[in-house]
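Observations on the model geometry
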Amino acid sequence: MNKRKLGFDETLGKNVVSANRCVGCATCVVVCPFSCLNYEDGQPRLVKDCEECGICPRVCPKFNWSWSEAEEFVFGRRRRADEDFGISRKLILAQASDEEIRKKGQDGGFVTALLIHSHNEGIIEGAALAGHTEGKPFYPSPLLATTSQQILRSSGTRYTYSPNMLALKEAVTEKKSLAFVGTPCQVHAVRKIQMFPLKKYAAPLQFTVGLMCTESFTYKGLFEEELGRNLNVKLNDIRKMNIKGKILIHLKSGVTEEISLSDVKKYVRPSCHNCSDFSAELADISAGGLGLNGWTFVVVRTEKGEEIFNSALDAEALVIRQVEEEPFALKLLSKLTKRKLKNAPR
Ligand SMILES: Cc1cc2nc3c(=O)[nH]c(=O)nc-3n(C[C@H](O)[C@H](O)[C@H](O)COP(=O)(O)OP(=O)(O)OC[C@H]3O[C@@H](n4cnc5c(N)ncnc54)[C@H](O)[C@@H]3O)c2cc1C
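The model shown is predicted, which means the values in this text are computed figures rather than measured ones.

**Quick word on the overall build of the chain**
Looking only at helices and strands, one finds 14 helices and 13 strands in the chain. For a compact globule of 346 residues, the expected C-alpha radius of gyration is about 20 Å, and the chain comes in at 19 Å, within 12% of that figure. In the chain, buried positions account for 54% of the 346 residues. Considering only contacts in the chain between residues 6 or more positions apart, those separated by 24 or more positions represent 68%. Put simply, the chain shows about 16,200 Å² of open surface, and 48% of that area lies on carbon and sulfur atoms. Taking the average location of the 49 positive side-chain charges in the chain and that of its 41 negative ones, the two points are 4 Å from each other.

**Focus: the pattern of salt bridges**
Here the structure, examined in full by the defined rule, presents 19 salt bridges. As a salt-bridge pair, Arg346 and Glu281 come within 3.1 Å of each other at their nearest N and O atoms. Remark: Glu281 occurs in the loop between α12 (261–264) and β11 (285–288) and Arg346 occurs in the segment after α14 (327–343); sequence separation between them is 65 residues. On the basis of relative accessibility, which here comes to 43%, the residue Arg346 falls in the partly exposed class. For Glu281, a relative accessible area of 1% puts it in the buried group.

**Details of the site of the ligand**
Within the structure, the ligand sits among 32 residues, and Asp107, Thr112, Arg158, Met212 and Thr214 are positioned closest to it. Within the backbone of Gly109, a nitrogen or oxygen atom sits 2.8 Å from an oxygen atom of the ligand. Separating an oxygen atom of the ligand from a backbone N or O atom of Ala130 is a distance of 3.0 Å. Considered on its own, the ligand offers 910 Å² of accessible surface; in the complex 96% of this is hidden by protein. Going through the elements one at a time, α6 (110–120), β4 (126–131) and β11 are the ones with two or more residues in the shell around the ligand. Sorting elements by how many residues they give to the shell around the ligand places α6 first, with 3 residues. Looking at side-chain class alone, the shell around the ligand contains 12 nonpolar, 17 polar and 3 charged residues.

**Focus: the sheet that holds strand β10 (residues 256–259)**
The strand order β8-β9-β10 describes an open sheet built from 3 strands, whose pairing is antiparallel. Of all the strands in the sheet, the pair left with one neighbour each is β8 (238–243) and β10. Adjacent strand axes in the sheet meet at a mean angle of 20°, parallel and antiparallel pairs treated alike. The pairing of strand β9 (residues 247–251) with β10 spans 4 bridges and is antiparallel. Directly across from Ile247, in β10, lies its bridge partner Ile259. On the sheet, helix α11 (residues 219–230) packs against β8, β9 and β10 and is oriented at approximately 110° with respect to β8.

**Overview of unusual backbone geometry**
Note the cis peptide between Phe196 and Pro197, where omega equals -15°. A positive phi angle is found at Glu52, which is not glycine, with a value near 55°. Mapped onto the elements, Glu52 comes out in the loop between β2 (43–46) and α3 (56–59). By relative accessible area, which is 35% here, Glu52 ends up partly exposed. Its identity as a non-glycine residue notwithstanding, Glu316 has a phi of 60°, on the positive side.

**Regarding the pairing of β9**
Most of β9 sits inside the fold, with 5 of its 5 residues counted as buried. With burial as the criterion, each face of β9 is covered, one bearing Ile247, Ile249 and Leu251 and the other bearing Leu248 and His250. Where β8 lies against β9, 5 bridges are found, and the strand directions are antiparallel. Bridged to Lys240 within β9 is His250. Hairpin remark: β8 followed by β9, antiparallel, with 3 residues in the connecting loop; positive phi at Gly245, about 80°. The antiparallel pairing of β9 with β10 creates a hairpin that spans 4 residues between the two strands, and Gly254 there sits at a positive phi of about 105°.

**Things to note about the pairing of β11**
Burial of β11 is two-sided: the residues Ile285 and Ala287 facing one way and the residues Ser286 and Gly288 facing the other way are all buried. Inspection of the sheet shows strand β7 (residues 205–211) paired to β11 by 3 bridges, in the parallel sense. Its bridge partner lying in β11, Val209 is registered against Ile285. Taken together, the 4 bridges between β11 and strand β12 (residues 296–300) define a ladder with antiparallel strand orientation. Of the residues in β12, the one forming a bridge with Ser286 is Val299.

**Points about helix α13 (residues 303–314)**
Here α13 is 12 residues long and its end C-alpha atoms lie 16 Å apart, about the 16 Å a rise of 1.5 Å per residue gives. Buried residues belonging to α13 abut β3 (90–96), α6, β7, β11, β12 and β13 (318–321). Directly after α13, the chain includes Glu316, whose backbone phi takes a positive value near 60°.

Thresholds applied
- Residues numbered from 1 in each chain as written.
- Predicted model: local features only at pLDDT ≥ 70, side-chain atom pairs only at ≥ 80, totals over all residues.
- Heavy atoms only, no water.
- Helix = DSSP H or I, 4+ residues; strand = E, 2+ residues; numbered from the N terminus.
- Rg over C-alpha atoms; globule rule 2.2 N^0.38 Å.
- Buried < 20%, exposed > 50% of the residue type's maximum accessible area, 1.4 Å probe, protein only.
- Contact = heavy atoms within 4.5 Å.
- Areas by Shrake-Rupley, 256 points an atom, 1.4 Å probe, with all protein chains shown as cover.
- Lys, Arg positive; Asp, Glu negative; His and termini not counted.
- Charge placed at Lys NZ, Arg CZ, Asp CG, Glu CD.
- Salt bridge = Lys/Arg side-chain N within 4 Å of Asp/Glu carboxyl O.
- Near = heavy atom within 4 Å.
- Polar contact = N/O pair within 3.5 Å; in protein donor to acceptor, adjacent residues only side chain to side chain.
- Nonpolar A, V, L, I, M, F, W, Y, C, P; charged D, E, K, R; others polar.
- Pairing = 2+ DSSP bridges.
- Axes fitted to C-alpha atoms, helices over the stretch in contact; angles between N-to-C directions.
- Expected span 1.5 Å × (residues − 1).

Spelled out as structure tokens, the structure:
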């Protein structure tokens, strides 16, 4: 007898979306072979009768998620007790050797340098990342960047959610090999696609770069309300934003405004409160700012990640320093990891 497959409503609809656990990664929308789902207001919505093919529950990072299965799949083993921020091969501080990339990048421009190098070397034909939105400063739009210029233009952090998975769909349609850049929850979704495996979507993926992430904010709350109304800053006047213990808003005029993180906690996306992964523990390479100035803290985790990292280093696309030179950054990595685990125990 054929076992009935489960549809969207009784799996993700009930247990993830209605339970306020949906991270908004859009993976279910991307993989639905019958186009039953639309991505609306940061969430999936059924727009026609579900065909109950059973695919979407298998790729959702918030449904039937198992850390042990995921770690076994990515690393071939479970973490040891002392590997508190996940399995890794190397911890290093890195920055782009190219000055323009360094200037445009969020921290050391490492992610952008790595992607541009991989693109120039033919390792990837594109990268799924967060592009910009015309007329809406700091509002990210998922983009399949297929040129070095597009990758460079998309550097820097937008502290709101960018469902970069939507750009994976484009890569599949265009048959392009790619790197995936995303927050920890998005990396989980990539791993679920690979573990399934959903070959059509897994095949083009060459490597994943995970961005360390305490939380992301709603655009309406952080940008429109807090910056636009309370601080009275025109979004077009902002040169760069960074979070280093507090939110720093560097204006084009040279002035830097500050907002305390406690003042903007109310704008944190609800699903971030259920997240236990600060440092993108399942990515091939993780990258974060960790209080550093002009450098990216890099965690090389997998063999593939090490191969790509070494290739960029050998080509002199990167400059490196040892993490021991900045002990506070390593301490902060442990502290933020523990804080997230405490908020959302595994
Ligand atoms: C929402 C969010 C919260 C973060 N919180 C922390 C934190 O608490 N502590 C910490 O140490 N680091 C945090 N980071 C990571 C940090 O901001 C930098 O992305 C990281 O240090 C890499 O810097 P870089 O200069 O090497 O990257 P860059 O070379 O500037 O490249 C950054 C890449 O990230 C992509 N990107 C930008 N915004 C987003 C987004 N919203 N979603 C997905 N991709 C995006 C860009 O398209 C680009 O490819 C956060 C990042 C995000 C997106």
